[in-house]
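# Residue-level structure breakdown
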Amino acid sequence: MINVTKTFLPPLDEYIKYLEKIWDTSWVTNQGPLAEELENRLKEFLDVRNLLLVTNGTIALQLAIRALDLKGEIITTPYSYVATTTSILWENCNPIFCDIEKNSFCIDPANIEKAITENTSAILATHVYGFPCDIEKIQAIADKHNLKVIYDGAHAFGVKYKDQSLLNFGDISTVSFHATKLFHTIEGGAVIVKDEKVAEKIFLYRAFGHLDDEYFSIGINGRTSEFHAAMGLCNLSRVYDFIEKRKKINLMYKEYLDGTPLSFPVISENIFYNYSYFPVFFLTPESMLSAKQLLSENGINTRRYFYPSLNKLPYLNYSECPVSEFTAERVLCLPLYNDLGIDHIKKIALIINKSFNLK
Ligand SMILES: *Cc1c(COP(=O)(O)O)cnc(C)c1O
């Protein structure tokens, strides 16, 4: 069976070296030396000033909303993973969906201004598949209306925009280090924060809001364990190698799927891209579903990512986002992981080609 992702695991003896360090001290969690080391190495790798490791990418979003003291309405994208929306709801705010731009899959700034009301406190946008949002326009709107900006950068690790990490933009960027992401710590995430004061708040929130016997605020348990940090330390030095391998797979897929009615995202020249996913877009939902079905019958798992368009979540009042809905009904993410072989890529492409000839 071929899965849509396969978690990279480092050579076992490399991980065991870190385990030996943990066994030496019995320090297993509570921001231990390995978490500290990973945090420092991530700051260096991403060239960002304030970065805090947390338990996962969802907690990262919730902490971001909480630390910016957001209230009322948050303008957000319907085309993302469900965690982007539920973190807004979890923090007792209201998600207001603005439709996406059809080529970048990210929130369309042209729709944002119309959605702003006196209750709007922020914009929470996702860099979908690692493609940057229209950062300049979003920032200009935010400045004009005095709104905060959070980027869900769960897909954006390693992406560079204007020669710096994409995660450096907005008031806060969040990232996920879940096992299915390009760079992972099994479970994990981080918050990248512009303002030192906000970073200090998150530092406290992450560990119950207290330092020893002094209690400052409410908080949660958002800390990373040493075991998770060790996995990150093994994987971090390999990120550019992962990206290189995935780039080759991306090119092979496009070669073998050439001539089909599928369309692919355009990777703009002015970014350094991370090849985190391989989404393809079908002309109709029917052709997508028949390809998915035929692939599945041949032991190949794909994922409707993202589906459904989040404005259609059953626990929300529906609001129209035609571009996002259109996209969500036609997208399929094909298997993509570092060591996906050429034979598998050929087989997947062949089956997709066959699915077009069935009707
Ligand atoms: C994976 C993901 C998340 C959630 O991250 P977890 O680490 O799984 O909690 C949030 N947003 C997007 C866009 C994601 O892809």
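For the structure, see preceding data.
Described in the following lines is the structure provided in the data block.

Rules used in this analysis
Residues numbered from 1 in each chain as written. Predicted model: local features only at pLDDT ≥ 70, side-chain atom pairs only at ≥ 80, totals over all residues. Heavy atoms only, no water. Pairing = 2+ DSSP bridges. Helix = DSSP H or I, 4+ residues; strand = E, 2+ residues; numbered from the N terminus. Core = buried A, V, L, I, M, F, W, Y, C linked by side-chain atoms within 4.5 Å. Buried < 20%, exposed > 50% of the residue type's maximum accessible area, 1.4 Å probe, protein only. Contact = heavy atoms within 4.5 Å. 1 Å grid on protein atoms, 1.4 Å probe; cavity = no way out; pocket = protein on both sides within 12 Å on 5 of 7 lines; lining within 4 Å. Points joined across faces, edges and corners; volume = space filled by probe spheres on them. Nonpolar A, V, L, I, M, F, W, Y, C, P; charged D, E, K, R; others polar. Axes fitted to C-alpha atoms, helices over the stretch in contact; angles between N-to-C directions. Left-handed = near helix turned anticlockwise from the far one by under 90°. Near = heavy atom within 4 Å. Polar contact = N/O pair within 3.5 Å; in protein donor to acceptor, adjacent residues only side chain to side chain.

## A look at the sheet that holds strand 12 (residues 271–272)
Spatially, 7-6-12 is the arrangement adopted by the three strands of the open sheet, whose pairing is antiparallel. Looking along the sheet, the strands with just one partner apiece sit at the ends: strand 7 (164–165) and strand 12. Two elements, strand 6 (residues 160–161) and strand 12, share two bridges in a ladder whose sense is antiparallel. Bridge pairing in strand 12 links K160 to F272.

## Some thoughts on the nonpolar core
Grouped together as the largest cluster of nonpolar side chains are 67 residues, with contacts concentrated most on L42, Y79, I112, Y129 and F157. Not counting residues within four places of it along the chain, the set of residues in contact with Y79 comprises I100, F105, V128, Y129, F281, Y305, F306, S324, T327, A328 and V331. By size, the runner-up hydrophobic cluster in this structure holds 24 residues, among which are I59, A64, A122 and Y205.

## Side note on empty space enclosed by the protein
Applying the stated criterion across every chain yields a total of three cavities of 30 Å³ or more. For the largest cavity, the calculated volume is near 80 Å³. T5, K6, T7, F8, A179, T180, K181, L182, R246, L336, Y337 and N338 together form the lining of the largest cavity. For the lining of the largest cavity, the residue count by class is five nonpolar, four polar and three charged. Estimates place the volume of the second largest cavity at around 60 Å³.

## With respect to the packing of helix 1 (residues 12–25) against helix 8 (residues 226–236)
For the pair helix 1 and helix 8, interaxial distance at closest approach is 9 Å and the crossing angle is 145°. In terms of crossing hand, the pair formed by helix 1 and helix 8 is right-handed. Between helix 1, through E14, Y15, Y18, L19, I22 and W23, and helix 8, the contact on the second element is made entirely by E226, F227, A230, M231, L233 and C234.

## Some remarks on the site of the ligand
Neighbouring residues of the ligand: 16 residues in total, closest G57, T58, D152, S176 and K181. Between the ligand and the protein, one listed contact pairs an oxygen atom with a side-chain N or O atom of H155 at 2.8 Å. Between an oxygen atom of the ligand and a side-chain N or O atom of K181, the distance comes to 3.1 Å. Going through the elements one at a time, helix 3 (57–67) and helix 4 (82–90) are the ones with two or more residues in the shell around the ligand. Its residues assigned to classes, the shell around the ligand shows four nonpolar, 10 polar and two charged.

Function cannot be read off these values alone, since they describe shape.
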